[in-house]
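# Observations on the model geometry
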Amino acid sequence: MFDRRAVLAFIAAIPAVAALAAETDEAVAIVQKLQDSQIDVLRQAGKMSLQQRFDALRPALDAAFDLDGMAKLAHGPGFDDLPAADRAEWVKNFGDYVAATYAQRFEFVEAKGFERDAKTAQRDGALVVSTRMISTSGQPMPIDYVVKATPQGWRIGDILANGSISELTQWRRALRGLPLADLRKRTASLLER
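All of the points below concern the structure found in this document. Since the structure is predicted, the reported quantities are computational estimates derived from the model, not experimental observations. (Residues numbered from 1 in each chain as written. Predicted model: local features only at pLDDT ≥ 70, side-chain atom pairs only at ≥ 80, totals over all residues. Heavy atoms only, no water.)

### Section: the overall build of the protein chain
The criterion, for reference: Counting from the N terminus, the helices are the DSSP runs of H or I reaching at least four residues and the strands are the DSSP runs of E reaching at least two. Accessible area is worked out with a 1.4 Å probe on protein chains only. A residue is then buried under 20% of its type maximum, exposed over 50%, and partly exposed in between. Throughout, a contact is declared for two residues whenever any of their heavy atoms are within 4.5 Å. Areas reported here follow the Shrake-Rupley algorithm with a probe of radius 1.4 Å; residue values treat only the protein chains shown as occluding.
Assigned secondary structure in the protein chain consists of six helices and five strands. Of the regular secondary structure in the protein chain, the N- to C-terminal order runs α-α-α-α-β-β-β-β-β-α-α. Considering the protein chain as a whole, with its 193 residues, one finds that 40% of them fall into the buried category. Restricting to contacts in the protein chain with at least 6 residues of sequence separation, those with at least 24 account for 57%. Of the roughly 10,800 Å² that the protein chain leaves accessible, carbon and sulfur atoms contribute 55%.

### So, the side chain of T101
Inspection of the secondary structure puts T101 in helix α4 (residues 84-106). Beyond its immediate stretch of four places on either side in the chain, T101 contacts W171 and L190.

### Describing the packing of helix α2 (residues 50-64) against α4
Stated precisely, the cut-off is as follows: Note on definitions: angles span 0 to 180 degrees between N-to-C directions of axes, and those axes are lines fitted to C-alpha atoms, for helices only across the stretch in contact. An angle counts as roughly parallel when it lies under 35 degrees, as roughly antiparallel when it exceeds 145, as roughly perpendicular when it falls between 65 and 115, and as oblique in every other case. The hand of a helix crossing depends on one turn: near helix anticlockwise from the far one by less than a right angle means left-handed, and clockwise means right-handed.
At a minimum axis distance of 8 Å, the contact between α2 and α4 shows a crossing angle of 125 degrees. The angle between α2 and α4 places the two elements in the oblique class. In this structure, the crossing between α2 and α4 has a hand that is right-handed. Note on element contacts: α4 touches α2 through K92, G95, D96, V98, A99, A100, Y102, A103, Q104 and F106, opposite L50, R53, F54, L57, R58 and L61.

As structure tokens, this is what we get:
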């Protein structure tokens, strides 16, 4: 004999399971698109100038990252008190800073590409997409992407190197409360190295 309540509970859960699967697919897709855009830059990094790497990486980072949310967290208190035009400029320049950071790091990374796990994990209303950067020599490096729903769709809100080192926390330490002019100087300094 079947338990009618158990059957009804199972049927009621089907839409939630389907919605979670769709969200997971979207979160994985945004990470895959970002990593796919980075493969050529990784492979060609030694032949590209810092500015060429920046120019190649910036559009993909802009499309994949929740730069609005990340910039607000990196700036810290007082961000919402800035005039709207200054907030928009801070977000744009924060995106430039992130791209310059990536462009600089890619000079020293020797990787063949990425591997993605078939699994994701839920964490604080976000999904963590687990990947590994495949080095040309040495062990793969775990890179987890914290992907969250935003008004623009699913976007990356943080990157966790080796499963726990938060990139956003590092940027927050470096940029907290920084005036826009100083943020521009830091980005320019990264691109001059």
